[in-house]
Amino acid sequence: QVQLVETGGGLVQPGGSLRLSCAASGRTLNVAWFRQSPGKEREFVSVISWGGSRTTYGDSVKGRFTISRDNAKNMVYLQMNSLQPEDTAIYYCAGDPRNGLIYLRPDEYTYWGQGTQVTVSS
């Protein structure tokens, strides 16, 4: 049984930082973060391969967000710095059990967490 559970969301002022965590259990996975705000499509944020050697970022977060993982703890992290109001969204972690390529589209991911709200506001 694969389970993904996100934690770490909250309210932060513009320019602030948050770290999201995704507890990923059940099998080895490439793990991605997506986000969705009201009225918008789910947007790719970042992805990390199972071994951690490959990462990719969406253009809107490049240079501000960092994805990492600790497989000994079955955890994936998203460090978010220089947050702006446009980063406000529900953030989801998603898992893909396939080896090889890492994917940027949400329909490529089999497993999803319940999401955690991030609000950037003064």
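Below you will find a few notes about this structure. (Residues numbered from 1 in each chain as written. Predicted model: local features only at pLDDT ≥ 70, side-chain atom pairs only at ≥ 80, totals over all residues. Heavy atoms only, no water.)

Counting its regular elements, the chain contains zero helices and 11 strands. Mapped from its N terminus to its C terminus, the chain presents α and β elements in the order β-β-β-β-β-β-β-β-β-β-β. Relative to the 2.2 N^0.38 estimate, which gives 14 Å for 122 residues, the radius of gyration of the chain is 13 Å and therefore close to what a compact globule would have. Within the chain, buried positions represent 43% of all 122 residues. When the accessible surface of the chain is totalled, it reaches about 6300 Å², and 47% of it is carbon and sulfur. Computed over 12 positive and 10 negative side-chain charges, the separation of the two mean positions in the chain equals 5 Å. (Helix = DSSP H or I, 4+ residues; strand = E, 2+ residues; numbered from the N terminus. Rg over C-alpha atoms; globule rule 2.2 N^0.38 Å. Buried < 20%, exposed > 50% of the residue type's maximum accessible area, 1.4 Å probe, protein only. Areas by Shrake-Rupley, 256 points an atom, 1.4 Å probe, with all protein chains shown as cover. Lys, Arg positive; Asp, Glu negative; His and termini not counted. Charge placed at Lys NZ, Arg CZ, Asp CG, Glu CD.)

Once that is clear, we can look at the environment of Asp-87. Checked against the element boundaries, Asp-87 lands in the loop between strand E8 (75–80) and strand E9 (89–96). Once the C-alpha coordinates of Asp-87 and Asp-107 are considered, the two residues, 20 residues apart in sequence, prove to be 22 Å apart. Excluding anything up to four places from it in sequence, Asp-87 contacts Arg-35, Arg-64, Phe-65, Ser-82, Val-118 and Val-120. (Contact = heavy atoms within 4.5 Å.)

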